[in-house]
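Coordinate inspection notes
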Amino acid sequence: MMKITGLSVLILLLSLQLKAQSIVPIKLDELSELSKPNATNLSVINFWASWCGPCVKELPYFDNLSKKPNVDVYLVSVDFIQDKAKAEMLLQKKNIKSQSYLLDEKNFVEQIDKTWSGAIPATLIVASNGSRYFYEKSFSEAELEELVNNITSK
Amino acid sequence: MNRSMKKTMLMITGLLVVVAVLYVNASENVMEGYEVGDYVSDFKLPSTTGKTVSLSDYPDAKGFIVVFTCNTCPYAKLYEDRVIELDKKFRGKGFPVIAINPNDVGQKPGDSMDEMASQAKAKSYSFPYLRDDTQEVAKAYGAAKTPHVYVLNRESAGKFKVEYIGAIDDSPREAADVQETYVEDAVNALLSGNKPTVTNQRAIGCTIKWKDV
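Quantities reported herein were computed from a predicted structural model and do not represent experimental measurements. (Residues numbered from 1 in each chain as written. Chains lettered and ligands numbered in written order. Predicted model: local features only at pLDDT ≥ 70, side-chain atom pairs only at ≥ 80, totals over all residues. Heavy atoms only, no water.)

Our next topic: the overall build of chain A. Scanning chain A for helices and strands turns up 6 helices and 7 strands. For chain A, the α and β elements follow one another from N to C terminus as α-β-α-β-α-β-α-β-α-β-β-β-α. Within the span of chain A, comprising 154 residues, buried residues form 47% of the whole. The long-range fraction of contacts in chain A, counting pairs at least 24 apart against all pairs at least 6 apart in sequence, stands at 69%. If you sum the accessible surface of chain A, you get close to 8,300 Å²; carbon and sulfur atoms cover 58% of it. (Helix = DSSP H or I, 4+ residues; strand = E, 2+ residues; numbered from the N terminus. Buried < 20%, exposed > 50% of the residue type's maximum accessible area, 1.4 Å probe, protein only. Contact = heavy atoms within 4.5 Å. Areas by Shrake-Rupley, 256 points an atom, 1.4 Å probe, with all protein chains shown as cover.)

It is worth spelling out the pairing of strand β4 (residues 99–103) of chain A at this point. Residue and element names in this part refer to chain A. For β4, the tally of buried residues reaches 4 of 5 residues, placing the bulk of the element in the interior. Note: strand β3 (residues 71–77) against β4, 4 bridges, orientation parallel. If you follow Leu75 over to β4, its bridge partner there is Ser100. Note that the unit made of β3, helix α4 (residues 84–93) and β4 has a crossover that is right-handed. (Pairing = 2+ DSSP bridges. Right-handed = clockwise from strand over helix to strand, strands pointing away.)

Here the focus is the nonpolar core. Ranked by internal contacts, the top residues of the largest apolar core, which has 57 residues, are A:Leu31, A:Phe47, A:Trp48, A:Trp116 and A:Ile120. Examining the composition of this core, we find that 6 residues originate from one element, helix α3 (residues 53–65) of chain A, more than from any other. Counting residues in each nonpolar core, the second largest holds 26 residues, with B:Ile65, B:Ile84, B:Ala167 and B:Tyr182 among its members. (Core = buried A, V, L, I, M, F, W, Y, C linked by side-chain atoms within 4.5 Å.)

Chemically, a disulfide is nothing more than a covalent bond linking the sulfur atoms of two cysteines. A complete count under the given rule lists 2 disulfides over all chains for this structure. Across the disulfide, A:Cys52 is cross-linked to A:Cys55 (sulfur-sulfur distance 2.1 Å). The S-S bond linking A:Cys52 to A:Cys55 shows a torsion near 75°; that makes this disulfide right-handed. The buried category is assigned to A:Cys52, whose relative accessible area is 5%. The partner cysteine of B:Cys73 in its disulfide is B:Cys206, sulfur to sulfur 2.0 Å. An S-S torsion of about 75° defines the bridge between B:Cys73 and B:Cys206 as right-handed. In this pair, B:Cys73 sits in the loop between β3 (63–68) and α2 (74–90) while B:Cys206 sits in strand β10 (residues 205–207), placing the two residues 133 residues apart along the sequence. A relative accessible area of 3% places B:Cys73 in the buried class. B:Cys206 sits in the buried class, given a relative accessible area of 8%. (Disulfide = S-S within 2.5 Å.)

Here the focus is the interface of chain B and chain A. The extent of an interface is frequently quoted as the accessible surface area lost upon association of the parts. Contacts between chain B and chain A engage 21 residues on the former and 20 residues on the latter. Summed over both sides, the interface of chain B with chain A buries roughly 1,800 Å², with 56% coming from carbon and sulfur. Broken down residue by residue, the surface that chain B buries against chain A is led by B:Arg173, B:Arg202 and B:Ile204, which jointly contribute 41%. Put simply, A:Glu110 and B:Arg202 hold a salt bridge, and the shortest N to O gap is 4.0 Å. For the pair chain B and chain A, the interface holds 11 residue pairs in polar contact (both at pLDDT 80 or more). (Buried area = accessible area lost by both parts, 1.4 Å probe. Salt bridge = Lys/Arg side-chain N within 4 Å of Asp/Glu carboxyl O. Polar contact = N/O pair within 3.5 Å; in protein donor to acceptor, adjacent residues only side chain to side chain.)

Residue and element names in this part refer to chain B. Secondary-structure assignment places Pro46 in strand β1 (residues 45–46). Taking relative accessible area as the criterion, Pro46 reaches 35% and is therefore assigned partly exposed. As a C-alpha pair, Pro46 and Asp111 span 65 residues in sequence and 14 Å in three-dimensional space. Not counting residues up to four positions away in its chain, the partners in contact with Pro46 are Lys51, Thr52, Met113, Tyr129, Leu130 and Arg131.

This paragraph deals with the sheet that holds strand β7 (residues 132–135) of chain A. Residue and element names in this part refer to chain A. If you walk across this open sheet you meet the 6 strands as β1-β4-β3-β2-β6-β7, and the pairing is mixed. Two strands bound the open sheet, and with one partner strand each, they are β1 (24–26) and β7. Going from strand to strand, the sheet's axes swing by 25° on average, the running direction of each strand aside. Two strands pair when backbone bridges link them, and β1 and β4 are joined in this way by 3 bridges, in the parallel orientation. Of the residues in β4, the one forming a bridge with Pro25 is Leu102. Across the sheet, α4 is in contact with β1, β2 (42–48), β3 and β4; its angle to β2 comes to roughly 120°. With respect to the sheet, helix α6 (residues 141–152) is in contact with β2, β3, β6 (122–126) and β7, its orientation differing from that of β2 by roughly 145°. (Axes fitted to C-alpha atoms, helices over the stretch in contact; angles between N-to-C directions.)

Residues and elements named next belong to chain B. Two elements in contact, α2 and helix α5 (residues 182–191), have axes whose closest approach is 11 Å; the angle formed by their N-to-C orientations is 15°. It follows from the interaxial angle that α2 and α5 lie roughly parallel. Crossing of α2 against α5: the hand is right-handed. Between α2, through Leu86, Lys89 and Phe90, and α5, the contact on the second element is made entirely by Val183, Glu184, Val187, Asn188 and Leu191. (Parallel < 35°, antiparallel > 145°, perpendicular 65-115°, else oblique. Left-handed = near helix turned anticlockwise from the far one by under 90°.)

Let's shift gears to α6(A). Taking 1.5 Å of rise per residue, the 12 residues of α6(A) would be expected to cover 16 Å, and the 16 Å separating its terminal C-alpha atoms lies within 8% of that figure. Summarising the contacts, the buried residues of α6(A) are in contact with β2, α3, β3, β6 and β7 of chain A. (Expected span 1.5 Å × (residues − 1).)

Another aspect to go through is the packing of aromatic side chains. Going through the model one piece at a time under the given rule, you end up with 16 aromatic pairs over all chains. Judged by centre distance (6.3 Å) and plane angle (55°), the ring pair of A:Tyr74 and A:Tyr101 falls under tilted. Of this pair, A:Tyr74 sits in strand β3 while A:Tyr101 is found in strand β4, placing the two residues 27 residues apart along the sequence. Counting every residue linked through ring pairs, the aromatic cluster contains A:Phe47, A:Phe108, A:Trp116 and A:Phe134. Cation over ring: B:Lys159 sits above B:Tyr39, and NZ or CZ is 4.4 Å from the ring centre. (Phe/Tyr/Trp six-rings, centres within 6.5 Å; stacked < 30°, edge-to-face > 60°. Lys NZ or Arg CZ within 6 Å of the ring centre and 35° of its normal.)

Now the structure itself:
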């Protein structure tokens, strides 16, 4: 009996391991695909890094947004590619399930938004009608929720 | 004043109000602060050595490398040695580094004047490390993050023009992998009497910790 329990715990652990959040490295052209307007859903693209305290704090808020029916959330890490595992561990620890990428590019700030200074956290929201909204700031969960509701109801 | 004149006046006033409102809204979207080509105002900020520092303290400077930086941002830390190198390389040529820490100490105790002084001492900074407690200098420059560099060039006595804004180079993590040295290139161009080819290069950094208004 003990053996079976031990085995199931092992299998459980293994399956958890397999389901661990993985971050897909992407380039700018793939990011621009992600930020194209989606016919039915609002796309929320959050730029963060594992070393950025305010970014990590708001990750769960973005993750919760992805539970909304008409919102797609993409978490784009701007960590160095060498730190991908560190970022993945952090997502796992915080139980973040949103689709996650790492932008493996050198110069990209201006291509993403002309008004972006490069400071993070930063968030790009693309509405179905093609409107783009860029925010170089951190959000409280309530602020983010209100913002998304406002944009969706436009 | 007859009726039609009144009407015209009213229309003009209305139009002016509309223009004013549009103008205010438009300027809200534009990032404040200096852009390349702007002349800077001098400042007076306290340094870790107990002195105050202004641009006018350097009568021989051909220009400056003004770096908004801090003790606490991982990106700023990655660039610390490279900022030290920039000063070593260009101070003698007339372009000294001036480092300014604008972070709110309430949010980042690690950026207090005392902590700045220990950092400057530990790394033997050859340049002044200034505290911008009111954050007015950072706002005037339009600095948004650390590190954020402004290369200034002297046009005439006491008149300094912004010639480059942005990143130090293109490889924050590994100094060995640097391919583009934006700040060095800008300063070298100015030293040889030319305009920098690249005048703006944005990179990732930590948001400046602004005081709550």
